[in-house]
Amino acid sequence: MTAQILDGKATAAAIKSELATRVAELKSRGVTPGLGTLLVGDDVGSQKYVAGKHRDCAQVGIASIQRELPATATQEKIEAVVRELNEDPACTGYIVQLPLPKGIDTGRVLELIDPAKDADGLAPMSLGKLVLNQEAALPCTPNGILALLRRHGVETKGAHLTVVGRGMTVGRSIGLLFTRREVNATVTLCHTGTRDLSAQLRQADIIVAAAGAPHIVRPEDVKPGAAVLDVGVSRDESGKIVGDVHPGVAEVAGWVAPNPGGVGPMTRALLLQNVVEAAERQAGVRDTADHAG
Ligand SMILES: Nc1nc2c(c(=O)[nH]1)N[C@@H](CN(C=O)c1ccc(C(=O)N[C@@H](CCC(=O)O)C(=O)O)cc1)CN2
């Protein structure tokens, strides 16, 4: 078997084109959505991701507000910029790029984000609303994974999803999204304390690998026909991405999301969707019963 591709680049392009129409509609009502980003430090990967987010904004007509601080910035300085973004009327939604430098209390920073402007779905109020099944920004990577599966016709209802990695941006929240009634998957979350990872992977219809451990998902761990999404990012000596999924998995799986070109572009597209939806809520043109995907 050679797996079909879950094409994140093409799917993200389709979502961005739909969002461009919604942005034009908002602008016709006098509302211009604006994405703010706060980047602290000089991590090359983070710089690349933030630059990509602003390129996407330009494509769909969203205004960009870019704030940067050096790696030596204090907790107080970071919090001051977050407060400024809360107050800035041109910024209708924003993110604090993660990870923050060592020594910074990330939880305290995220707590300060105005919930109405949380474009990442990672602030405590948004995550609480996800638990309560209330309308709020959804975490971009889990929601991007869901949209990628849906737009390729991969069934989630009744499927067994096994997630590898308990990080903040994927593992911690994906189970909350995928166990919603309208998604209806059964979710297993694996991490470094999991005793038999292979056994957990072999039962999965859908695997999301987000551990940052090169090739931790091997062909022999995958049920034939399963959908396998690679979110892990490690780099080799030349700076090339090495994912969590061994290339041989494509011979066993039914669907594979490549890395790069799979979940990454979807994360960015769903970020823009959150920004547009927040602006629509602020403009009073969004049905608050609308949900994911
Ligand atoms: N505030 C946040 N910080 C981080 C998040 C997040 O959702 N919110 N997730 C990750 C990084 N991330 C988003 O910021 C992200 C990762 C990957 C991509 C992407 O487009 N990747 C490309 C490859 C780019 C490359 O060559 O390096 C791809 O997969 O094709 C975008 C965003 C951690 N931080």
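Every residue gets a number counted from 1 within its own chain, in the order that chain's sequence is written. Thresholds applied to this predicted model are a pLDDT of at least 70 for local features of residues and 80 or more for the giving and counting of side-chain atom pairs; totals over whole chains, interfaces and linings are not thresholded and use all residues. Heavy atoms from the whole structure form the basis of all side-chain values; hydrogens and water molecules are not counted.

Colleague: Could you clarify how one ought to interpret the pairing of strand β5 (residues 160-164) in this entry?
Modeller: Sheet faces and side chains relate simply in a regular strand, where the side chains alternate between the two faces. Burial status follows relative accessibility: with a 1.4 Å probe on protein chains alone, a residue under 20% of its type maximum counts as buried, one over 50% as exposed, and anything between as partly exposed. A run of H or I in DSSP becomes a helix once it reaches four residues, and a run of E becomes a strand once it reaches two; helices and strands are each numbered from the N terminus. Among the five residues that make up β5, five are buried, leaving the element largely enclosed by the rest of the structure. Because side chains alternate across β5, one face comprises the buried residues His 160, Thr 162 and Val 164, and the other comprises Leu 161 and Val 163, equally buried. One ladder, built from five bridges, connects β5 with strand β6 (residues 186-190); its direction is parallel. For Thr 162, the partnering residue across the bridge sits in β6 and is Thr 188. The sheet contact formed by β5 and strand β7 (residues 206-209) spans four bridges and is parallel. In the sheet register, Thr 162 faces β7, and the bridge partner there is Ile 207. Should DSSP find at least two bridges between two strands, the strands are taken to pair.

Colleague: Would you take a moment to explain the site of the ligand for this structure?
Modeller: Only heavy atoms are used to decide nearness, and a residue is near a molecule or strand if one of them lies within 4 Å of it. Around the ligand lies a shell of 16 residues, among which Lys 53, Val 96, Leu 98, Asp 120 and Gly 261 are the nearest. Here a polar contact is recorded for every N or O atom pair within 3.5 Å, except that within protein the pair must consist of a potential hydrogen donor and a potential acceptor, and residues adjacent in sequence are included only if both atoms are side-chain atoms. Between Gln 97 and the ligand, the recorded distance is 3.0 Å, taken from a side-chain N or O atom to an oxygen atom. In the model, an oxygen atom of the ligand is placed 3.0 Å from a nitrogen or oxygen of the Arg 235 side chain. Listing elements by their share of the shell around the ligand, those giving two or more residues are α2 (44-60) and α9 (263-282). With four residues, the single largest contributor to the shell around the ligand is α9. Taken together, the residues of the shell around the ligand sort by class into six nonpolar, five polar and five charged. Each of two domains, domain 1 (27-115) and domain 2 (140-265), supplies a minimum of three residues to the shell around the ligand. Just so you know the grouping, Ala, Val, Leu, Ile, Met, Phe, Trp, Tyr, Cys and Pro go in nonpolar, Asp, Glu, Lys and Arg go in charged, and all remaining residues, Gly too, go in polar. Note that domain bounds follow an automatic or database assignment of domains.

Colleague: Even after reading the chapter, I still don't get the UniProt feature "domain: Tetrahydrofolate dehydrogenase/cyclohydrolase NAD(P)-binding" (unreviewed entry) in the protein chain, so can you show me in this structure?
Modeller: UniProt positions are given in the numbering used here, feature names are shortened, and annotations may be inferred rather than shown by experiment. Look at the UniProt record and you will see "domain: Tetrahydrofolate dehydrogenase/cyclohydrolase NAD(P)-binding" (unreviewed entry) annotated at residues 139-282. Helix and strand shares over residues 139-282 are 32% and 17% respectively, and the end C-alpha atoms of the span are 19 Å apart.

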